[in-house]
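# Analysis of the macromolecular model
Residues per chain, in single letters:
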Amino acid sequence: MATDFYDALGVARTASADEIQRAYRKLAREYHPDVNADPGAEERFKEISEAYQVLSDPDQRKKYDRFGADFRRVPDDFDERAHAGGGGRVRYAQGGRQGGQGFGGGFEGIDIEDLLGGFFRGRGGPVAGADQEAELELTVDEAYRGGRRHLTLAGAAERGYDVTIPPGVLDGQRIRLAGQGGTGSGNAAPGDLYLVVRVKPHPRYRLSGRDIHVDLPVSPWEAVLGATVPVTTPGGEVKVRVTPGSSTGRRLRLRGEGMPNPKGKPGDLYAEVRVMVPKKPRKRERELFEELAAVSDFDPRSS
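Residues numbered from 1 in each chain as written. Predicted model: local features only at pLDDT ≥ 70, side-chain atom pairs only at ≥ 80, totals over all residues. Heavy atoms only, no water.

### As for the overall build of the protein chain
A count of helical and extended segments in the protein chain gives nine helices and 11 strands. Among the 303 residues that make up the protein chain, the fraction classed as buried is 37%. Of the roughly 18,400 Å² of accessible surface on the protein chain, 48% is carried by carbon and sulfur atoms. (Helix = DSSP H or I, 4+ residues; strand = E, 2+ residues; numbered from the N terminus. Buried < 20%, exposed > 50% of the residue type's maximum accessible area, 1.4 Å probe, protein only. Areas by Shrake-Rupley, 256 points an atom, 1.4 Å probe, with all protein chains shown as cover.)

### Comments concerning the packing of aromatic side chains
A ring pair, where both rings are aromatic, is described by two values, the distance of the centres and the angle of the planes. Within this structure, the stated rule accounts for five aromatic pairs. Ring geometry for F5 against Y64: centres 4.6 Å apart, planes inclined by 25 degrees, an arrangement best described as stacked. Residue F5 is found in helix α1 (residues 5–9), and its partner Y64 is found in helix α4 (residues 58–67); the two are separated by 59 residues along the sequence. Here Y64 falls in the buried class, since its relative accessible area comes to 3%. (Phe/Tyr/Trp six-rings, centres within 6.5 Å; stacked < 30°, edge-to-face > 60°.)

### Description of α4
Here α4 has its buried residues at Q60, R61, K63, Y64 and F67. Viewed along the axis of α4, the buried residues span an arc of 165 degrees, placing them on a single side of the element. Exposed and facing more than 90 degrees away from the buried side of α4 are P58, D59 and K62. You can read the cap of α4 off the contacts: a side-chain oxygen lies 2.9 Å from the backbone nitrogen of D59, and it is on D57. (Arc of directions from axis to C-beta. Polar contact = N/O pair within 3.5 Å; in protein donor to acceptor, adjacent residues only side chain to side chain.)

### A few points about the nonpolar core
Core analysis: the biggest nonpolar cluster contains 37 residues, and V163, L195 and L216 have the highest contact counts within it. Contact partners of L195, with chain neighbours within four places excluded, come to A134, L136, L151, V163, Q173, R174, I175 and L177. Counting 22 residues, the second-largest nonpolar core is a separate cluster that includes Y24, A28, V54 and F67. (Core = buried A, V, L, I, M, F, W, Y, C linked by side-chain atoms within 4.5 Å. Contact = heavy atoms within 4.5 Å.)

### As for a nonpolar patch on the surface
A surface patch of nonpolar side chains, amounting to about 640 Å² of accessible area, comprises W221, V224, L225, F289, L292 and V295. Every element with two or more residues in the nonpolar patch is listed here: α8 (220–225) and α9 (283–295). Within the secondary structure, V295 is located in helix α9. (Patch = residues over 30% accessible without salt bridge, like charges linked within 9 Å, V, L, I, M, F, W, Y side chains within 5 Å. Salt bridge = Lys/Arg side-chain N within 4 Å of Asp/Glu carboxyl O.)

### Thoughts on the sheet that holds strand β1 (residues 132–138)
Spatially, β1-β5-β4 is the arrangement adopted by the three strands of the open sheet, whose pairing is mixed. Strands at the two margins of the open sheet, each flanked by one partner only, are β1 and β4 (174–177). Strand-to-strand twist of the sheet, defined as the mean angle between neighbouring strand axes without regard to direction, takes the value 30 degrees. Direction of pairing for β1 relative to strand β5 (residues 193–199): parallel, over a ladder of seven bridges. Directly across from Q132, in β5, lies its bridge partner L193. (Pairing = 2+ DSSP bridges. Axes fitted to C-alpha atoms, helices over the stretch in contact; angles between N-to-C directions.)

### Brief notes about the layout of surface pockets
Roughly 580 Å³ of volume is contained in the largest pocket. Every residue lining the largest pocket is counted, 16 residues in all, and those nearest its centre are P220, W221, V224, F289 and L292. Element by element, the count of residues in the lining of the largest pocket is highest for α9, at five residues. Classifying every residue of the lining of the largest pocket by side-chain character gives 11 nonpolar, four polar and one charged. (1 Å grid on protein atoms, 1.4 Å probe; cavity = no way out; pocket = protein on both sides within 12 Å on 5 of 7 lines; lining within 4 Å. Points joined across faces, edges and corners; volume = space filled by probe spheres on them. Nonpolar A, V, L, I, M, F, W, Y, C, P; charged D, E, K, R; others polar.)

### Examining the packing of helix α2 (residues 17–31) against helix α3 (residues 41–55)
In the contact formed by α2 and α3, the axes pass within 9 Å of each other and the chain directions differ by 165 degrees. The pairing of α2 with α3 is recorded here as roughly antiparallel in orientation. The two elements α2 and α3 cross, and the hand of that crossing is left-handed. Contacts between α2 and α3 involve I20, Q21, Y24, L27, A28 and Y31 from the first element and A41, E42, R44, F45, I48, S49, Y52 and L55 from the second. Taken together, the residues of the contact of α2 with α3 sort by class into 10 nonpolar, two polar and two charged. (Parallel < 35°, antiparallel > 145°, perpendicular 65-115°, else oblique. Left-handed = near helix turned anticlockwise from the far one by under 90°.)

This is the structure we're talking about:
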C-alpha cells in the first residue's frame, strides 16, 4: 500500500504550505544520506522528498487530495474531459472514499477506464536536493571582523567548505552556501547549506543586537574629577571621556563603535562605568582616604 504523503511528513491534511516546508526541512536534515549513515535513511529520505515534491505544488496537492495514490495516472485536463463526457459535475459515487485516498467505487455516471483510456501513465521526476543547516560558532571578534573561514562538517562523509563571513554577522543569522546542501536526484539541482551563526559568550563584551556593552573600570578619583581613559573594543582601542562625578552604572555612548552593518547603520558601543578601589591600599593611600573620610560630608545613602 502506497505511503500517505501527509503521514510521510508527519503533518495534518489541513497543513499550510509553511508547515509542510518546515516539516520537510526538519526530516531532510535528519535522514539525508550525507548526514545519516543508517541503512534505511536513504529510502526514508526519498519518501519524504517525494511527499514534499507533491504537497508543495498546489496543483499536484489538489490532485493528490482528490485521487490519492492514483493521482499521477490522472491527466491534467481530467475535469474538462469529465464534463465533456458526462455533461455535469463530477462527484464521488457512494462507497468511494472521501479525502482523496483512492478511487473507491468509481464516479457516478462515468466509466473511468473509458474516459481516461490511454491517458493513464506514471509520472516520476527529478527531486531537488534538500536544504541543510549546520551551526557556525564565532567569537565576538570574529563576528565583528568577518573574513574567510575553512569549515569541516562531520557526517556520513566529512566535507570541507570555504566560508565568507560578512563583518557584523549576528547570533542567529544564517550564511547561505548555494548548492552545498543535499544532492538532488535525477540531475535535479542540489539544495543549499545554511550556516546558523552562534556567537560565543565573551568575558568582556555583551551583545544586544548590533550594540556592544562593555564595563569601564575607573578609579575613585577619575570618577570624581573626570578623566579621559582608554576602552578596548573589537575594533581596537578608543578614548572615552569620563564626566566628573560619574558613579558606577553610568553609561557612556560611543556612536558607531558597535557591530558593523554592511547594509546600514552600525551599532553603538556602551561603556558602563565601574568604580574600582584598591584591594590593598598602600600606607599613604590609606592615610589620604582616612583624611577624605574625616573632611567629607558626602553620604551615598542619602536621598
